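# Coordinate inspection notes
The primary structure of each chain is shown beneath.
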Amino acid sequence: MTTVLIVGAGPTGLTLACDLARRGVEVRIIEKSPAFQTGSRGKTLNARSLEVLGDLGVADQVRASGITHLKFRKYFQGELVEETDPFEDRMLFVPQWRTEQVLRDRLATWGVQVELATELTDFTQDDVGVHVTLADGGRIEADYLVGCDGGRSPVRKLLGVAFEGETAPEQAMVCGDVVVDGLVDEAWHQWFAEDGAILLSPFRGTDSWQLQASPERDAAGEVLPPSLESFQRLFDRYARLPGVRLRDLTWKSTWTVNVRMVDRYRVGRVFLAGDAAHVHPIAGGLGMNTGIQDAWNLGWKLGLVATGHAGPALLDTYEEERMPIAAWTLDLTSERLRVVLDDIRIRGEGMDAVAVPEGSGLGINYRWSVLAEDHAPGERTTRAGDRAPNVPLRGSPEHTPRRLFDLLAGGRFALLGFAPEAGPHLRELTAAHAELVESHLLSAGPGGLDDAEQVKRAFDADDDTLVLVRPDHHIALTTTTAGVVEVSGYLDRLSRRPAIPGRVSGSGTAPAPAAVAGRGGGAGAGWSG
């Protein structure tokens, strides 16, 4: 029997598998495809996803395969109009197959391999576990099952979970990976016209480009399937560069606008994540990123419960926190798509509208969560539920630059103090909760930080402030050195927490998307059980 079975070996499933495996959780990850996919598919990682990958120890490998500051070279009716850099350093352009390859290699260091050609066809669950049937007649017994199996998710369908929303087939797009002869690979080339567009984006370390285009249609107006011949005709029509030839088509797809999300993220011992839980327009490149961040939210919670360090009701907070993020993402990407579709018909405009600051993922918070407790006095700009500031740290005497999340990497809670007087409190609390928490004194003085005051300002902290940071970098609790009992109480409740009154596992509705912008959480209402 395995502890967690993950269905689907895309970025979402692989991120979750890595986080669980490094915690010592017995995990299996199965994939129905007989071979690993090689298409570029999702091609952008935002700043928040790179922080996640950094904690898992693979950000440098992914960055080495990607491009930042990829210029948007825009044309209209075949003429060069302008070149912009709208994402600046907020996005890394890297093909999805490479992100998956890096994560698979990392997962293998913990002794876990993706099981290809292994298809789930049915499952049941009861009080003791999930009982999975495979296409070849085999069976897997697991404590928990997580469906990371895409927009057509068999796990979601077998659960009977609604996938509510709409599909707009008239807004189709064709995609593919091709080799391009005769085009410089220093920019994302974007040819627009009043009746359509074609875009070609290069990738580092490969001859392949990702092509996106308005589709060809037949006499009846139906979308023609993507093909190399069709791609060449579309290029000739919109780019008007007769010396450029496309060849070696290795992946092709037709994309339509789907805006859908589930009404539940959990049914008993079964969870949904990534595209299995939400799909939305590609504007802004948030699909893969939102899935990675679903996995990041679920991983530490499932890991603590599976290893006996937290009560099972902690798992309810996965849906509570991530469902509003999905709703907000659907709203944001739908609105950006509308803007882009209008802009590309105007000379000099184009895809820049997708590059909004919100797309970095750095501003997402869980202030409304039952896990967010603010006990520090006064109004503060940095509050429980927020992502902790990933501030640069410069320490004496070695003066080695690094960032806070480098210090916190590893998957545990972190208790932070900002003055030497906090040291005894940090040591006391760490000793009492050694299985959950590590502590860090971010102050000046011998062996301390040269830039301690800047760090303290970033947290909006005082000398007596204590901040408890969750394993996923979000702030769990703020208090003062006089309130150490509140930190201890929080961790005690986490480790033996009863069910939240009025909640039933696997049920509930999402708060309004506006909640993401900072609907306040009190001092943990409903947290005490």
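To be clear, the structure that these remarks concern was listed above.
Everything numeric in this text was worked out from a predicted model, so none of it was measured.

As a packed pair, helix H1 (residues 11-22) and helix H7 (residues 287-306) sit with axes 8 Å apart at the nearest point and diverge in direction by 25 degrees. Taken together, the axes of H1 and H7 lie roughly parallel to each other. Where H1 crosses over H7, the handedness of that crossing is right-handed. Together, Pro-11, Thr-12, Thr-15, Leu-16, Asp-19, Leu-20 and Arg-22 of H1 and Met-288, Gly-291, Ile-292, Ala-295, Trp-296, Leu-298, Gly-299, Trp-300, Leu-302 and Gly-303 of H7 make up the contact between the two elements. Class assignment of the residues belonging to the contact of H1 with H7 gives a composition of 10 nonpolar, 5 polar and 2 charged.

Turning our eyes to something else, we now look at the pairing of strand E4 (residues 71-76). The buried count for E4 comes to 5 of 6 residues, which makes it a mostly enclosed element. The pairing of E4 with strand E5 (residues 79-84) spans 5 bridges and is classified as antiparallel. Each residue of the ladder has a partner; that of Lys-74, found in E5, is Glu-82. What sits between the antiparallel neighbours E4 and E5 is a turn of 2 residues, in which Gln-77 has the positive phi angle 50 degrees.

Packing of H1 against helix H4 (residues 96-108) leaves a shortest axis separation of 9 Å and a crossing angle of 20 degrees. If you check the angle between H1 and H4, you find them roughly parallel. Helix-helix and strand crossings are classified by hand; for H1 and H4 the assignment is left-handed. Counted together, Pro-11, Leu-14, Thr-15, Ala-17, Cys-18 and Ala-21 of H1 and Gln-96, Glu-100, Leu-103, Arg-104, Arg-106 and Leu-107 of H4 form the full contact between these two elements. Here the residues of the contact of H1 with H4 are counted per class, giving 7 nonpolar, 2 polar and 3 charged.

Residue Arg-41 is not a glycine yet carries a positive backbone phi of 45 degrees. Along the chain, the position of Arg-41 falls in the loop between strand E2 (27-30) and strand E3 (44-46). Taking relative accessible area as the criterion, Arg-41 reaches 41% and is therefore assigned partly exposed. Positive phi, normally seen in glycine, also occurs at His-69, with a value near 55 degrees.

For any pair of aromatic rings, the description rests on two quantities: the centre-to-centre distance and the angle between the ring planes. Evaluated as defined, the whole model comprises 12 aromatic pairs. Taken together, a centroid distance of 5.3 Å and an interplanar angle of 65 degrees make the contact between Tyr-265 and Tyr-318 edge-to-face. Taken together, the residues span a long stretch of sequence, with Tyr-265 in the loop between strand E15 (245-262) and strand E16 (266-267) and Tyr-318 in helix H8 (residues 316-343) at a distance of 53 residues. Classification of Tyr-265 by relative accessible area gives buried; the value is 1%. Assessed through its relative accessible area of 0%, Tyr-318 is described here as buried. A centroid spacing of 5.9 Å and a plane angle of 85 degrees characterise the contact between Tyr-366 and Trp-368, whose relative ring orientation is edge-to-face. According to the relative accessible area criterion, Tyr-366 is buried, its value standing at 3%. The positively charged end of Arg-156 is found above the aromatic ring belonging to Phe-163, 3.7 Å away from the centroid. The ring of Tyr-144 carries the charged tip of Arg-269 above its face, separated from the ring centre by 5.3 Å.

The next thing to look at is the side chain of Asp-472. Take Asp-472: it is sitting in the loop between strand E24 (465-469) and strand E25 (475-480). Judged by its relative accessible area of 1%, Asp-472 is buried. Among the polar contacts made by the side chain of Asp-472, one reaches the side chain of Trp-300 at a distance of 3.2 Å. Polar side-chain contacts of Asp-472 include one of 2.8 Å to the side chain of Arg-470. Once you skip the residues sitting within four places of it in the chain, Asp-472 turns out to touch Arg-48, Trp-296, Asn-297, Trp-300 and Tyr-366.

Cut-offs and rules
Sequence positions are assigned chain by chain, starting from 1 and proceeding in written order. Thresholds applied to this predicted model are a pLDDT of at least 70 for local features of residues and 80 or more for the giving and counting of side-chain atom pairs; totals over whole chains, interfaces and linings are not thresholded and use all residues. In computing side-chain properties, one takes all heavy atoms of the structure into account and sets aside hydrogens as well as water. Here, axes are lines fitted to C-alpha atoms. For helices the fit covers the stretch in contact, and angles between N-to-C directions go from 0 to 180 degrees. Segments assigned H or I by DSSP are reported as helices when at least four residues long, segments assigned E as strands when at least two residues long, and all are numbered from the N terminus. Note that the term roughly parallel is reserved for angles under 35 degrees, roughly antiparallel for angles over 145, roughly perpendicular for angles of 65 to 115, and oblique for everything else. Whether a crossing is left-handed or right-handed is set by the direction in which the near helix is turned from the far one by less than a right angle, anticlockwise for left-handed and clockwise for right-handed. Contacts are residue-level and defined by heavy atoms, with any inter-residue pair within 4.5 Å sufficient. Three classes are used, and their members are as follows: Ala, Val, Leu, Ile, Met, Phe, Trp, Tyr, Cys and Pro are nonpolar, Asp, Glu, Lys and Arg are charged, and the others, Gly among them, are polar. A 1.4 Å probe rolled over the protein chains alone gives each residue an accessible area, and that area as a share of the maximum for its type sets the label: buried under 20%, exposed over 50%, partly exposed in between. A pair of strands is treated as paired once DSSP finds two or more bridges between them. Stacked, tilted and edge-to-face pairs are distinguished by plane angle, under 30 degrees for stacked and over 60 for edge-to-face with tilted covering the rest, among Phe, Tyr and Trp rings (Trp via its six-membered ring) whose centres lie within 6.5 Å. The criterion is that NZ of a Lys, or CZ of an Arg, lies within 6 Å of the ring centre and within 35 degrees of the ring normal, and then a charge sits over that ring. Between N or O atoms, a polar contact is any pair within 3.5 Å; within protein, one atom must be a potential hydrogen donor and the other a potential acceptor, and residues adjacent in sequence are included only when both atoms are from side chains.

Interpretation in functional terms is not warranted from these geometric data alone.
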